[in-house]
Amino acid sequence: MAESETPKLDELEKGPWPSFVSEIKRAAENAPNKHMAQDLLRQLERSYNDKIGHWKHGGIVGVKGYGGGVIGRYSDLPEEFPGVAEFHTFRVNQPSGWFYTTEKLRQLCEVWEKHGSGLTNMHGATGDIILLGAPTAELQPCFDDLAEIGFDLGGSGSDMRTPSCCVGPGRCEYACIDTLDLLYNITMEYQDELHRPMFPYKSKIKISGCPNDCVAAVPRSDISIIGTWRDNIRIDPDAVAEYANNGIDIQAEVVDMCPTGCMSWDAETKTLTIDNAECNRCMHCINLMPKALRPGVERGATIMVGGKAPIVHGALLSWVIVPFMKMEPPYTEFKELLEKIWEWWDENGKMRERLGELINRLGMRSFLKAVGLPPVPQMVKVPRANPYYFWDPEEVRKNGH
Amino acid sequence: MATRTDFGPPYYKDMLPPVVQKNYGQWKYHERIKPGVLKHVAESGDELYTVRVGSPRLVSTFWIKDVCDIADEFCDGYLRFTSRHNLEFLVSDKDKVEPLLEHLKAKGYVVGGTGHSVSNPVHTQGWIHCHTPATDASGIVKAVMDELFEYFVDWKLPAYCRVALACCLNMCGAVHCSDIAILGIHRLPPVIDHDTVRAKCEIPNVIAACPTGAIRPDPKNKSLKVNEERCMYCGNCYTMCPGMPLADPQGDGVSIWVGGKISSARTPPKFSRLVIPYLPNNPPRWPEVTSAVKNIIETWAKHARKHERMGEWIERIGWERFFELTGIPFTMQLIDDFTLAPETYRSTPAFKW
């Protein structure tokens, strides 16, 4: 038997978890453009030996009519690994909630085997389908074929990045808003912002149907839309008793873990009581007993802004700016707010300054004033503890007290 | 033919299985049947079974076509993916669930990742396809999940456990709110290539990109210089300028962060906190990383109360106790000295030994 060229990577074919190395090897053995995956394997083995990456910095590539969606990637060892000398990425906009027909996926596979390496990520961290590895000459033909089967590009660079959403009303009883429809609607409305970078930096939008936040909107998006409700949790008392009979310790697991202490449990009568006015809608009790407890019926979303990963000035979690907004097509109120936010950011943001960092630099007060939102206590964890705050001198003089 | 643009993604309603179309927004409740299998019941009484399969995220078209064959056989030609790279088979016929599970087992797919388990780690590209990584991504995830496999396929944990990996501080995987985050880090300042800086970089933009103000103009060389004492190796300058590479086989490695969460259940979302500032890149299986992650998860599993996420457990027992129970040494790097540092210092004499 011939000695393997990739002894280190071969180690990662062992063990129970599915192996990405086996996947690259499948493409290296069977893909029409198999030389690409073959050289990817060899270059990766080289990285495993050298303990360093072998991709060059940047390189601008693209397709006609778009300012983003394709990311240039060149090997720094092109003579040694010609199959990955040009190994560019397509970001392809996923359907809402990552639902597919097998027919659609097969069409996608056919296009990608024809033009690229046959390797993908299902999906990238932002939500796109990632097609890994196409040479420059294949970019336009590949996009033309993608367009033919109805797949458009996602975002890259300083634009609205491909928004994403949770499974929502497609399969989840917690969904307080139609995440799938809202996502599609926003994506279609802002195609220009998605495809032509013109902002100070990236702008991410993520939509979760409830405060469980399955798409990590709060930590990961500049504009986070989280489904919620305003009225009372709906209780099915018989189903509560059924959970109690089937082994949930309602006192310990539900009532004692409620962060607001708004619940009480009468073990004798198997009665759960909720003081809904004191509930903060954290989802814990509903998560534990979905058959017995359901979100209320007056539904909408909490709008939060500013979330981001560390680059440049540190990670931020999104902050509440609108505690409750109705979310029904055509979503006019939300879009008007979004456009005001983008306008303020575009006007004031420095290059590579995310929305949260700009709010930090200029102050939440400036932001709220610019987008026309009134201050409410739901916006803060606690009020300020320092005496350094602003007044408008004109206002002070005018009022005289 | 002129290329059409801006037509958007496939319309989601065309991608939904009939049972979802029919019961859209009318789901009533769900049950966790067993690890990896969910049952959703609609107001109409219709049932939808979900079988969740772990994927390696990096998959070939052959894998996609294989899972399409399975979806054609058991799910009328529909499937979906999750936000954590899992694949989900949606089965409307209860009688097909067990045959599907047997089929998946026979073909070597892994079913799990629901309920009180370790779900599929969100991760980035690493050495496979990125120009700024400090480590590989898929390789560590594979090695870690081989080690944690029993926690993916079974319910042995007190609560959810979300593991995520990003191969540099850019955090394409935005791992910063995970129960366990594995983060690639550099430990040496950029090595300036003045010719490249002169040829390819906008000097003011590079200076502005530094979060610690460590970069200054170098008029003599028409280039830049770095105050190495202030550099925190974030790599932002390299993102802006190819003349400032900081990847280094000796300097690069992996850090471990714990206790973050995303959902608002019980407690608000939290950042993960640094507990191990550096572990070496030791491919192909990163044994130091896998054993560190396993130790933390098993210590939590042993001591936490039911439904208590990693961060909630640590907040209850205190960080001083966390370091004692895990045996992880406390080092200077764990004390914050960036922008919000004072918020992390203890200002009470009430603590534990």
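Residues numbered from 1 in each chain as written. Chains lettered and ligands numbered in written order. Predicted model: local features only at pLDDT ≥ 70, side-chain atom pairs only at ≥ 80, totals over all residues. Heavy atoms only, no water.

Undergrad: Can you walk me through the sheet that holds strand β6 (residues 164-165) of chain A in this structure?
TA: All names here are of chain A. Here 5 strands make up an open sheet; going across it, the order is β6-β7-β8-β13-β14 and the pairing mixed. Here the strands that pair on one side only, and so sit at the sheet edges, are β6 and β14 (319-325). Summarising the sheet, strand β7 (residues 205-208) and strand β8 (residues 223-229) pair through 4 bridges and their orientation is parallel. What sits directly across from serine 208, in β8, is isoleucine 226. (Pairing = 2+ DSSP bridges. Helix = DSSP H or I, 4+ residues; strand = E, 2+ residues; numbered from the N terminus.)

Undergrad: What is the right way to read the confidence of the model for chain B from this model?
TA: Should the pLDDT be low somewhere, the predicted coordinates at that spot are not to be read in detail. Overall, the prediction assigns chain B a mean pLDDT of 96, with 99% of residues at 70 or greater. Across the interfaces of the predicted complex, the ipTM metric reaches 0.97, alongside a pTM of 0.97. (pLDDT = per-residue confidence, 0-100.)

Undergrad: Explain the pairing of strand β4 (residues 119-122) of chain A here, please?
TA: Consecutive side chains of a regular strand alternate in pointing toward one face of the sheet and then the other. The alternating pattern of β4(A) places Leu119(A) and Asn121(A) and Thr120(A) and Met122(A) on opposite faces, both of which are buried. Bridge count for β4(A) against strand β5 (residues 129-134) of chain A is 4 bridges, and the pairing is antiparallel. When the bridges of β5(A) are listed, Thr120(A) appears paired with Leu131(A). Linkage of β4(A) to β5(A), two consecutive antiparallel strands, is achieved through a turn of 6 residues, within which Gly127(A) is found at a positive phi near 130°. The pairing of β4(A) with strand β4 (residues 58-60) of chain B spans 3 bridges and is classified as antiparallel. Across the sheet, residue Thr120(A) finds its bridge partner in β4(B), namely Val59(B). (Buried < 20%, exposed > 50% of the residue type's maximum accessible area, 1.4 Å probe, protein only.)

Undergrad: How should I be thinking about the sheet that holds strand β12 (residues 253-258) of chain B in this particular structure?
TA: Pairing between the strands of a sheet is mediated by backbone hydrogen bonds and can be parallel or antiparallel. Residue and element names in this part refer to chain B. Ordered by their spatial adjacency, 4 strands build an open sheet running β8-β9-β12-β13, and the pairing between neighbours is mixed. This sheet does not close on itself; its edge strands, each paired only once, are β8 (163-166) and β13 (273-280). With strand direction ignored, the average angle separating the axes of adjacent strands in the sheet is 20°. The sheet contacts of helix α9 (residues 287-303) involve β8, β9 (180-185), β12 and β13, and relative to β13 the element is tilted by about 155°. (Axes fitted to C-alpha atoms, helices over the stretch in contact; angles between N-to-C directions. Contact = heavy atoms within 4.5 Å.)

Undergrad: Is there a simple way to explain a nonpolar patch on the surface in this structure?
TA: A grouping of Phe330(B), Met332(B), Ile335(B) and Tyr345(B) is seen on the molecular surface, where their side chains present a nonpolar patch of about 450 Å² in accessible area. Structurally, the position occupied by Met332(B) is in the segment after α11 (319-326). (Patch = residues over 30% accessible without salt bridge, like charges linked within 9 Å, V, L, I, M, F, W, Y side chains within 5 Å. Areas by Shrake-Rupley, 256 points an atom, 1.4 Å probe, with all protein chains shown as cover. Salt bridge = Lys/Arg side-chain N within 4 Å of Asp/Glu carboxyl O.)

Undergrad: Mind showing me how you'd approach the packing of aromatic side chains here?
TA: The description of two aromatic rings rests on the distance between their centres and on the angle between their planes. According to the stated counting rule, one finds 24 aromatic pairs over all chains in the structure shown. Where Phe199(A) meets Trp342(A), the ring centres are 5.0 Å apart and the plane angle is 40°; that geometry is what we call tilted. Of this pair, Phe199(A) sits in the loop between α7 (191-195) and β7 while Trp342(A) sits in helix α12 (residues 332-348); the two residues are 143 residues apart in sequence, bridging distant segments of the chain. Side by side, Phe199(A) and Trp342(A) carry an identical accessibility label, which is buried. Here the aromatic residues Trp313(B), Trp319(B), Phe322(B), Phe323(B) and Phe330(B) are joined through ring pairs into a cluster of three or more. When the ring centre of Tyr66(A) is taken as origin, the NZ or CZ atom of Arg196(A), which lies over that ring, is 5.8 Å away. (Phe/Tyr/Trp six-rings, centres within 6.5 Å; stacked < 30°, edge-to-face > 60°. Lys NZ or Arg CZ within 6 Å of the ring centre and 35° of its normal.)

Undergrad: Any chance you could explain the interface of chain B and chain A here in plain terms?
TA: Accessible area lost during the coming together of the parts is what is often quoted as the interface size. Contact residues are listed per partner, giving 112 residues for chain B and 118 residues for chain A. Taking both sides of the interface into account, the surface hidden between chain B and chain A amounts to around 10100 Å²; carbon and sulfur atoms contribute 63%. The tally of links between chain B and chain A comes to 8 salt bridges. The partner of Asp69(B) in a salt bridge is Arg106(A), and the shortest N-O contact between them spans 2.6 Å. For the pair chain B and chain A, the number of links is 61 residue pairs in polar contact (both at pLDDT 80 or more). (Buried area = accessible area lost by both parts, 1.4 Å probe. Polar contact = N/O pair within 3.5 Å; in protein donor to acceptor, adjacent residues only side chain to side chain.)

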